[in-house]
Amino acid sequence: MGWTAALAGAGFGFALIVAIGAQNAHVLRQGLRREHVGLVVAICALSDVVLIAVGTAGVGAVIAASRTVTVVVTVLGALVLLGYGFLAARRALRPGEALVADARGAGLSTGAAVATTLALTWLNPHVYLDTVVLLGSVAAGHGDERWWFAIGAAVASIAWFTGLGFGAAALRPLFARPGAWRVLDSVIALVMVAIAGRLVAEVL
């Protein structure tokens, strides 16, 4: 029945998306600062829905079949992740640039928030490998019920990003101290560099 495939898709979707990554770190950071949270969450969720649909439609298999496309996309994406990792490391190493967990202080403009979110989503090869290629392949295994599987995965994605972005407010007392932001930015930098390194190592 369709609902069993949908539940399987939801479980698989959560398994892929819950792991700490560049996109999740960005959503968490914006949620803690209460900056453009709805916009950031909407971009991430809608992008995932589109990518899940693309993978389920079979495009993932076409991408995976081209060695050249895979290498180019991965290397370019790794460079983007390294760039954002550098910015996070610089924030962590400069106490004067530490953020506070309120609306005061310099933050991202609407345009910058949109651009950053789009870059960390659409220029991140990890997203394509997980959502389009891997999830698309698993969805194909469900045959005629593959779109039910995709619906479950899409619902899981929407629920995760919504909870992460708007639920981050519960951690605001912890991040009232600048030192906590330095730790978060250090973790973000390490995660982005680690993902970039792993992606390049896997494709070369």
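Remarks on the confidence of the model for the protein
Okay, so step 1: Residues with a pLDDT of 70 or more make up 82% of the protein, whose mean pLDDT is 79.
Okay, so step 2: Throughout residues 96–105 the model reports pLDDT below 50, and contacts reaching past four residues in sequence, or to other chains, amount to 20 contacts.

Looking at the packing of helix H1 (residues 2–17) against helix H8 (residues 146–167)
Okay, so step 1: Contact pair H1 / H8: the axes reach a minimum separation of 6 Å and the direction vectors enclose 45°. In terms of orientation, H1 lies oblique with respect to H8. Crossing handedness for the pair H1 and H8: right-handed. Side by side, H1 and H8 meet where Gly 2, Ala 5, Ala 6, Ala 8, Gly 9, Ala 10, Phe 12, Gly 13, Phe 14 and Ile 17 of the first sit next to Trp 148, Phe 149, Gly 152, Ala 153, Ala 156, Ser 157, Ala 159, Trp 160 and Phe 161 of the second.
Okay, so step 2: When grouped by side-chain class, the residues that make up the contact of H1 with H8 number 14 nonpolar, five polar and no charged.

Observations concerning the environment of Arg 29
Okay, so step 1: Checked against the element boundaries, Arg 29 lands in helix H2 (residues 22–33).
Okay, so step 2: Residues Arg 29 and Leu 184, 155 residues apart in the sequence, show an inter-C-alpha distance of 8.4 Å.

Quick notes on the pattern of salt bridges
Okay, so step 1: Throughout the structure, instances matching the rule amount to one salt bridge.
Okay, so step 2: A salt bridge links Glu 35 to Arg 33, with the shortest nitrogen-to-oxygen separation between them at 2.9 Å.
Okay, so step 3: According to the relative accessible area criterion, Glu 35 is buried, its value standing at 12%.

A closer look at H8
Okay, so step 1: With 22 residues, H8 ought to run about 32 Å at 1.5 Å a step, and its terminal C-alpha atoms sit 31 Å apart, in line with that.
Okay, so step 2: Turning to H8, its buried residues are Phe 149, Ala 150, Gly 152, Ala 153, Ala 154, Ala 156, Ser 157, Phe 161, Leu 164 and Gly 165.
Okay, so step 3: Those residues of H8 that are buried are in contact with H1, H2, helix H3 (37–56) and helix H7 (125–140).

Considerations on the environment of Ala 150
Okay, so step 1: For Ala 150, the position within the fold is in helix H8.
Okay, so step 2: Ala 150 gets classed as buried once you look at its relative accessible area, which sits at 5%.
Okay, so step 3: Considered as a pair, Ala 150 and Val 138 are 12 residues apart in the sequence and their alpha carbons are 9.7 Å apart.

Describing the packing of H2 against H8
Okay, so step 1: Two numbers describe how H2 lies on H8: the axes approach to 7 Å, and their chain directions differ by 40°. Relative to H8, the element H2 is oriented oblique. Residues Gln 23, Asn 24, Val 27, Leu 28 and Gly 31 of H2 form the contact with H8, whose participating residues are Trp 160, Phe 161, Leu 164 and Gly 165.
Okay, so step 2: Across the contact of H2 with H8, the residue classes tally to five nonpolar, four polar and no charged.

Rules behind the numbers
- Residues numbered from 1 in each chain as written.
- Predicted model: local features only at pLDDT ≥ 70, side-chain atom pairs only at ≥ 80, totals over all residues.
- Heavy atoms only, no water.
- pLDDT = per-residue confidence, 0-100.
- Contact = heavy atoms within 4.5 Å.
- Axes fitted to C-alpha atoms, helices over the stretch in contact; angles between N-to-C directions.
- Helix = DSSP H or I, 4+ residues; strand = E, 2+ residues; numbered from the N terminus.
- Parallel < 35°, antiparallel > 145°, perpendicular 65-115°, else oblique.
- Left-handed = near helix turned anticlockwise from the far one by under 90°.
- Nonpolar A, V, L, I, M, F, W, Y, C, P; charged D, E, K, R; others polar.
- Salt bridge = Lys/Arg side-chain N within 4 Å of Asp/Glu carboxyl O.
- Buried < 20%, exposed > 50% of the residue type's maximum accessible area, 1.4 Å probe, protein only.
- Expected span 1.5 Å × (residues − 1).

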